[in-house]
Amino acid sequence: MARKLADVAEHLGVSQATVSRALNGKPGISDATRAAVLTALDVLGYERPAKLRGETARLVGVVLPDMQNPIYASFAEAVAGALAKRGITAVLCPRTVDGVNEADFVELLIEQQVSGVLFASGLYQYATASKGHYALLRARSLPTVLINAAVPGFDVPSVCTDEEHAVGQAYSHLTHLGHRRIGAVLGPREHMPSARKLAAYRALGGSPELVAHAGFTIEEGHSGALPLIAAGATGVICGNDVLAMGAVRAARKLGREVPREVSVVGFDDSGLMAYTDPPLTTVRQPIVAMAHAAVDLLLRQIDAEVVPTDAMLFEPELVVRASTAPAPR
């Protein structure tokens, strides 16, 4: 017990006596200090006293697909910063290749009695994925927000980039440059944001023969773009920046110069895209604004407010760099 008091006191920069009084419900301790002590217990991995275990921790789980794609690191940074300003600690939960999945993280977060959970591009985006752990969150009425979701029938507040507008900006940019054979390298068929991008591409006149579906890796972007460029596509719209980097590699493998012979457009504008070779033209997601909106929706639920479950759409922005140029003659 003495070790616990000392560790919590050092973590918060207060006296051990203050920590002891907060844990034992003694007078003279503010609600803010008491909440900070409880949060410190959670962060340091100590079990709460039995009489306090029913109280929700000032922790929020942030579940991410991975931390290798820079866009998820950007989301995590923006969300964690917005939560910290409100006195709440973000618990980052990136899925891993060795078996730590979303369902595992949800069970762990519930055990830790977090105040809420925020998902960035989770399994809810895949039509065929198991969604039992989301039902568990709903059954427990645990505040939840989804980023880039807008999944029909899943009544949880969500913050999304306007996929249709994003594809429209990319397609319009390429057509204004004179491209007529425009291909698309998108995520898996069962990935619903990719399905929305595909619908927008088709509505603009995109050819079904110039579409490839791929996993969100450079390698799959490369293999997906190869047949499109070989079939004469001079412009390629990609489902994210990682796929776009694969498309650039594919063009070069076929002996085509980017952007003189093939133009490539990404989606996300993750941190390093201004420094790739060539710097990538991409459609930027407004990460900071979306993260702040998601945190606001989550905290309003934590405060027992009723919030709308309609998707909050954010308009993306085309960022023109050096991976696009007029179509070859």
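Here the structure is shown first, and the text comes after it.
Predicted model, so just to flag it, every value in this text is computed and none were measured. (Residues numbered from 1 in each chain as written. Predicted model: local features only at pLDDT ≥ 70, side-chain atom pairs only at ≥ 80, totals over all residues. Heavy atoms only, no water.)

Caption draft 1: Seen up close, the sheet that holds strand E12 (residues 317–319). Spatially, the six strands line up as an open sheet ordered E7-E6-E8-E9-E10-E12, and their pairing is mixed. At either margin of the open sheet sits one strand with a lone partner, and together these are strand E7 (211–213) and E12. The mean angle between the axes of side-by-side strands here comes to 20°, regardless of whether they run parallel or antiparallel. Examined bridge by bridge, strand E6 (residues 182–186) and E7 share three bridges and lie parallel to one another. In the sheet register, Val 185 faces E7, and the bridge partner there is Ala 212. Against the sheet, helix H9 (residues 218–230) contacts E6, E7 and strand E8 (235–238), and its axis sits at roughly 160° relative to E6. The strands that helix H10 (residues 241–253) touches are E6, E8, strand E9 (263–268) and strand E10 (281–284); relative to E9, the one it contacts most, it runs at about 160°. (Pairing = 2+ DSSP bridges. Helix = DSSP H or I, 4+ residues; strand = E, 2+ residues; numbered from the N terminus. Axes fitted to C-alpha atoms, helices over the stretch in contact; angles between N-to-C directions. Contact = heavy atoms within 4.5 Å.)

Caption draft 2: Structural context of the packing of helix H7 (residues 163–176) against helix H8 (residues 192–203). As a packed pair, H7 and H8 sit with axes 8 Å apart at the nearest point and diverge in direction by 45°. Taken together, H7 and H8 sit at an angle that is classed as oblique. The two elements H7 and H8 cross, and the hand of that crossing is right-handed. On H8, the residues touching Glu 163, Glu 164, Val 167 and Tyr 171 of H7 are Pro 193, Arg 196, Lys 197, Ala 200 and Tyr 201. (Parallel < 35°, antiparallel > 145°, perpendicular 65-115°, else oblique. Left-handed = near helix turned anticlockwise from the far one by under 90°.)

Caption draft 3: Spatial organisation of the nonpolar core. The biggest cluster of nonpolar side chains holds 37 residues, and the ones touching the most others in it are Val 185, Tyr 201, Ile 229, Val 236, Cys 238, Val 262 and Val 264. A total of six residues in this core trace back to one element, the largest contributor, which is H10. When near neighbours in sequence (up to four residues on either side) are disregarded, Val 264 contacts Val 236, Cys 238, Ala 244, Ala 247, Val 248, Val 258, Leu 280, Thr 281, Ser 323 and Thr 324. Grouped together as the second largest cluster of nonpolar side chains are 28 residues, Leu 64, Ile 88, Ile 147 and Val 307 included. (Core = buried A, V, L, I, M, F, W, Y, C linked by side-chain atoms within 4.5 Å. Buried < 20%, exposed > 50% of the residue type's maximum accessible area, 1.4 Å probe, protein only.)

Caption draft 4: Inspection of the pairing of strand E4 (residues 144–147) at higher detail. Alternating residues of E4 divide into Thr 144 and Leu 146 and Val 145 and Ile 147, and every residue in both groups is buried. The parallel pair strand E3 (residues 116–120) and E4 is bridged by helix H6 (residues 132–139), and the resulting crossover is right-handed. As paired elements, E4 and strand E5 (residues 158–161) share two bridges and run parallel to each other. Within E5, the residue paired with Ile 147 across the bridge is Val 159. (Right-handed = clockwise from strand over helix to strand, strands pointing away.)

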